[in-house]
Amino acid sequence: MAQLFSNSKPYDVIIVGSGAGGAMAAYVLTRAGAKCLMLEAGGWYDAARDSKWLEWVYDAPHRAAPGPAKDGFDSFLAAVGGWEVPGEPYTSAPGADWMWFRARMLGGRTNSWGRISLRMGPYDFKPYSRDGKGFDWPISYDDLAPYYDRVEELIGVFGSVEDIVNLPNGKFLPPPVPRCYELLVQKACRKLGIPCIPSRLAILTRPLNGRPHCHYVHQCGRCCRLGSNFSSPVVLLIPARTTGNLEIRNNAMVREVITGPDGLVTGVSYIDKKSRQEVQVRGKVLVLAASSCETARLLLNSRSGRHQNGLANSNGMVGKYLMDTVMSDVTGFFPQMMGLPPHNEDGVGGMHLYMPWWGYQKQFRHESPFSRGYHIEFGGGRAGMPHPGVLSGTQNYLGGGYGETLKEGCRKLYGSFIGFHGRGAVVPNAESYCEIDTNILDQWGIPTLKFHFKWGDEEIQMARHMQQTFQEIVETAGGKVVQSAGAEERWGISRGGQGIHEVGTVRMGEDPKTSVLNPHCQAWDCKNLFVADGGPFVSLGDKNPTLTIMALAWRTSGFIADQVRQGNLG
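The numbering scheme is per chain: residues are counted from 1 as the chain's sequence reads. Only residues with pLDDT of at least 70 are given local features in this predicted model, and only at 80 or more are side-chain atom pairs given and counted; all residues enter the totals for whole chains, interfaces and linings. To obtain the side-chain values, all non-hydrogen atoms of the structure were used and water was disregarded.

**A short note on the overall build of the chain**
Moving on, step 1. Helix and strand definitions follow DSSP, with helices as H or I runs of at least four residues and strands as E runs of at least two, each counted in order from the N terminus. In terms of helices and strands, the chain carries 13 helices and 19 strands.
Moving on, step 2. At 24 Å, the chain has a C-alpha radius of gyration in line with the 25 Å of a compact globule built from 570 residues.
Moving on, step 3. If you line up the chain on its principal axes, its C-alpha atoms span 75 × 55 × 45 Å.
Moving on, step 4. Here the term buried applies to any residue with accessible area under 20% of the maximum for its type, exposed to any over 50%, and partly exposed to those in between, with areas from a 1.4 Å probe on protein chains only. Looking at the 570 residues of the chain, the share that counts as buried comes to 58%.
Moving on, step 5. Between two residues, a contact is recorded if the distance between any of their heavy atoms is within 4.5 Å. A separation threshold of at least 6 residues defines the contact pool for the chain, and within that pool the share at least 24 residues apart is 74%.
Moving on, step 6. Calculation of accessible area relied on Shrake-Rupley with a 1.4 Å probe; when residues are assessed, cover is drawn exclusively from the protein chains displayed. Carbon and sulfur atoms make up 51% of the accessible area of the chain, which amounts to about 22,600 Å² in all.
Moving on, step 7. Just so you know, the count uses Lys and Arg for positive and Asp and Glu for negative, and it drops His and the chain ends. Throughout, a charge is located at the NZ atom of Lys, the CZ atom of Arg, the CG atom of Asp or the CD atom of Glu. Averaged over its 58 positive side-chain charges, the chain has a centre that lies 4 Å from the centre of its 54 negative ones. Only the C-alpha atoms count toward the radius of gyration. The rule for a globule is 2.2 Å times the residue count to the power 0.38.

Below, the structure written as structure tokens:
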């Protein structure tokens, strides 16, 4: 491959990745006057042009039959890539079962995510101080709260003020009205003493900053052509480019971080995927936001005389303490919802209600076999477009049928199922990490990752509690459990990475011996290197991580701007 410099003058900041963290860094830094170059491994994506939000499911390839890349997801999901990316393999160590979802496109996974936007609470930042397990963050909730405020006010998050323990209130837009099946579940939860409150999603219920409110197309995973839900290209990158301070290069597969004799970053080397040439660009500051595992991979592949174990890895901590959300599911059938007359189930592309963790009471803590909590997401009814396989197994409920009789029965049956999905906190363990697999290269000649992962007993017990709780909710609501998991299936606990919430591979801390980054997400070993994705996470609560990634990225970017003004990064 030919090697060349694309310019002789260094950029103020190079940003690798255009998702939640990278785009937020670009938004903050360009507004502070920094000349930024963003490198994105995927192609350009324009939601107004490229979204498939109005396509019918039956028009999908192969009638929307599942495939390995997007298995389990909508065929028109706004994600180029998925569980498998051609030419970009990864491996799992024996006994480790890890899944790695990648979106090779401008905006990354912000185009297709569920928009669930929950603040991590005080307990989530200081878990070790509370239960003696895992590690405390070097920052507290109070340190990040002002940045949560800014992010919510910028992107738009609906919700309600509830004053629930470890569930901080936010700057909310009005929530949408609950739908029929959600009210049915809420009534059962009240009987069981489980809170069931308006969910918190980054979808507009009121116009905001020139973006219109949601029109209830209900296809948020396909990205919104109108920009009514959050995606980084629409909400962050367009304003950043408007400053004139942001250049975006697509199809730039970053291979290595380049450092000088003093060990500081001088630039990066990437493969132009169209020409297959190697290109080098120079920068005064580097922000890695390629996703936690990609960032770890890049650092480990960046070896030099000063950084023989990889960049920022003098203590061997890069790649360590990989985490993902604990998940388990139950499905219920509700006969009372069969044959309901058509009624309005308009809504956003996601839940209007959800159940935050209710078990922080002292009595529950002593009785529980796990230390932390989970929240419950649920969906069903007639809120969404019928998807492939939605009425498979109808004979179990209708007793057979053919022709018009079968069609009539299916119409009655449709909308009578509700799925319950747990999303739980994890205690980090040293046996979960990623490392370079030197035996396998991707198509760009870059060494790939090997994953090691295991759930601890706490996570298994949490999945068990999820199964028992969901089944109790179904039965209290008058339904029948039709899909669940028992002990022989480890209570239906998800595979590692299946939650697509992977975090923690370059964690922050107060001690350079046990962490990769300082409390400002700045590398201990390299003062002009910063990380702005999920890698800095020290723990993972039951909250979906995207909102915290953006708040951290805003805080980190403000710190970078201040340090540049003071001349501390040169």
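**Let's talk about the sheet that holds strand β5 (residues 91-92)**
Moving on, step 1. Here, any two strands with at least 2 DSSP bridges between them count as paired. Spatially, β5-β17-β16 is the arrangement adopted by the 3 strands of the open sheet, whose pairing is mixed. If you trace the sheet from one side to the other, it starts and ends with β5 and β16 (433-441), each paired once.

**Remarks on the environment of S140**
Moving on, step 1. Residue position: S140 is located in the loop between α4 (127-131) and α5 (141-155).
Moving on, step 2. S140 gets classed as partly exposed once you look at its relative accessible area, which sits at 23%.
Moving on, step 3. Considering only alpha carbons, one finds S140 and F451, 311 residues apart in sequence, at a separation of 30 Å.
Moving on, step 4. Not counting chain neighbours up to four residues away, the residues in contact with S140 comprise F125 and K126.

**Let's talk about helix α7 (residues 232-242)**
Moving on, step 1. Residues of α7 that are buried include every one of S232, P233, V235, L236, L237 and A240, and no others.
Moving on, step 2. Trailing α7 by a residue or two, G244 shows a phi angle of about 80°, which is positive.

**Details of the environment of S494**
Moving on, step 1. Relative to the helices and strands, S494 resides in the loop between β18 (480-483) and β19 (529-531).
Moving on, step 2. The exposure class assigned to S494 is buried, which follows from its relative accessible area of 6%.
Moving on, step 3. In sequence terms S494 and H520 are 26 residues apart; their C-alpha atoms lie 32 Å from each other.
Moving on, step 4. If we skip the residues at most four places from it in the chain, S494 touches T325, V326, M327 and W455.

**Remarks on helix α12 (residues 457-476)**
Moving on, step 1. For a helix, the expected span equals 1.5 Å multiplied by the number of residues minus one. Between its first and last C-alpha atoms α12 spans 29 Å; for 20 residues at 1.5 Å apiece the expected length is 28 Å, and the two agree.
Moving on, step 2. Where α12 ends, the next residue or the one after it, G478, has phi of about 90°, a positive value.

**Here's the deal with the nonpolar core**
Moving on, step 1. Nonpolar cores were defined as sets of buried Ala, Val, Leu, Ile, Met, Phe, Trp, Tyr and Cys residues, with membership established by side-chain atoms within 4.5 Å. Formed by 144 residues in total, the largest nonpolar core has its most connected members in M24, I155, M355, F420 and L529.
Moving on, step 2. Among the elements that take part in this core, helix α13 (residues 546-565) stands out by supplying 9 residues, more than any other.
Moving on, step 3. Sequence-distant contacts of F420, defined by excluding residues within four places in its chain, comprise V185, S328, D329, V330, F334, M355, I376, E377, F378, F470, I473 and V474.
Moving on, step 4. Core analysis: the next-biggest nonpolar cluster, separate from the first, contains 15 residues, L167, I197, L208 and C214 among them.

**Things to note about the packing of helix α1 (residues 20-31) against α13**
Moving on, step 1. Their axes nearest at 8 Å, the elements α1 and α13 cross at an angle of 35°. Our pair here, α1 against α13, has a crossing hand that is right-handed. Taking contact as the criterion, the partners of A20, G21, M24, A25, Y27, V28 and L29 in α1 are, on α13, T546, I549, M550, A553, W554, S557, G558, I560 and A561.
Moving on, step 2. Partitioning the contact of α1 with α13 into residue classes produces 12 nonpolar, 4 polar and no charged. Lines fitted to C-alpha atoms define the axes, with helix axes restricted to the stretch in contact, and inter-axis angles between N-to-C directions lie between 0 and 180 degrees. Take the far helix as the reference: if the near one is turned anticlockwise from it by less than a right angle, the crossing is left-handed, and if turned clockwise, right-handed. Note that Gly is not counted as nonpolar here; it falls among the polar residues with everything else outside the nonpolar set of Ala, Val, Leu, Ile, Met, Phe, Trp, Tyr, Cys and Pro and the charged set of Asp, Glu, Lys and Arg.

**Thoughts on the pattern of salt bridges**
Opposite charge on two side chains lets them pair, provided their charged atoms get close.
Moving on, step 1. Any carboxyl oxygen of Asp or Glu within 4 Å of a side-chain nitrogen of Lys or Arg constitutes a salt bridge here. By the definition in use, this model includes 24 salt bridges.
Moving on, step 2. A salt bridge links R249 to E247; its shortest N-O distance comes to 2.8 Å.
Moving on, step 3. By relative accessible area, E247 is classed as partly exposed at 30%.
Moving on, step 4. Residues E294 and R297 are paired through a salt bridge, measuring 3.3 Å at the closest nitrogen-oxygen approach. Of this pair, E294 and R297 both sit in helix α8 (residues 292-300), 3 residues apart, which is roughly one turn of that helix. We note that E294, like R297, is buried.

**Considering the packing of aromatic side chains**
Moving on, step 1. Any pair of Phe, Tyr and Trp rings, taking the six-membered ring for Trp, is counted once the centres come within 6.5 Å. Such a pair is stacked with planes under 30 degrees apart, edge-to-face with planes over 60 apart, and tilted for the rest. Tallying each qualifying case throughout the model produces 30 aromatic pairs.
Moving on, step 2. A network of ring pairs unites the aromatic residues Y181, W357, W358, F370, Y374, F378, F420 and F470 as a single cluster.
Moving on, step 3. Counted as over-ring charges are cases with an Arg CZ or a Lys NZ within 6 Å of the ring centre that also lie within 35 degrees of the ring normal. Positioned over the ring face of W100 is R102, at 4.5 Å from the centre of the ring.

**Details of the side chain of N301**
Moving on, step 1. By secondary structure assignment, the location of N301 is in the loop between α8 and β12 (326-333).
Moving on, step 2. Overall, N301 belongs to the buried group, its relative accessible area being 16%.
Moving on, step 3. Ignoring any residue separated from it by four or fewer positions in sequence, one finds N301 in contact with R255, E256, I436, I446 and P447.

**Side note on the side chain of S515**
Moving on, step 1. Note on placement: S515 falls in the loop between β18 and β19.
Moving on, step 2. The exposure class assigned to S515 is buried, which follows from its relative accessible area of 2%.
Moving on, step 3. Within the structure, the side chain of S515 is placed 2.7 Å from the backbone oxygen of D511, a separation counted as a polar contact.
Moving on, step 4. N or O atoms closer than or at 3.5 Å make up a polar contact, with two conditions inside protein: a donor-capable atom paired with an acceptor-capable one, and, for residues adjacent in sequence, both atoms drawn from side chains. Among the polar contacts listed, one links the side chain of S515 to the side chain of W524, at a separation of 2.9 Å.
Moving on, step 5. Those residues within four positions of S515 in sequence are excluded, and the remaining contacts are N315, M317, R507, M508, G509, E510 and W524.

**A closer look at the sheet that holds β12**
Moving on, step 1. A sheet is described by the order of its strands in space; here 4 strands give the open sequence β14-β15-β12-β18, paired in antiparallel fashion. Only two strands of the sheet have a single neighbouring strand rather than two, namely β14 (374-380) and β18. Pairs of neighbouring strands in the sheet enclose a mean axial angle of 30°, with direction left out of account.
Moving on, step 2. Across 8 bridges, β12 lies against strand β15 (residues 417-424) in antiparallel orientation. The partner of V326 across the bridge, within β15, is G424.
Moving on, step 3. Taken strand by strand, helix α6 (residues 180-192) contacts β14 and β15, and its axis lies near 140° from that of β14.
Moving on, step 4. The strands touched by α12 within the sheet are β12, β14, β15 and β18, with β12 carrying the most contacts at an inclination of about 20°.

**Observations concerning the state of the cysteines**
Moving on, step 1. Criterion for a disulfide: a pair of cysteine sulfur atoms within 2.5 Å. Applying the stated criterion across every chain, the model contains 0 disulfides.
Moving on, step 2. You can see C220 has no disulfide; the closest cysteine sulfur is in C214, sitting 5.5 Å from it.
Moving on, step 3. Judged by relative accessible area, which is 9%, C220 ranks as buried.

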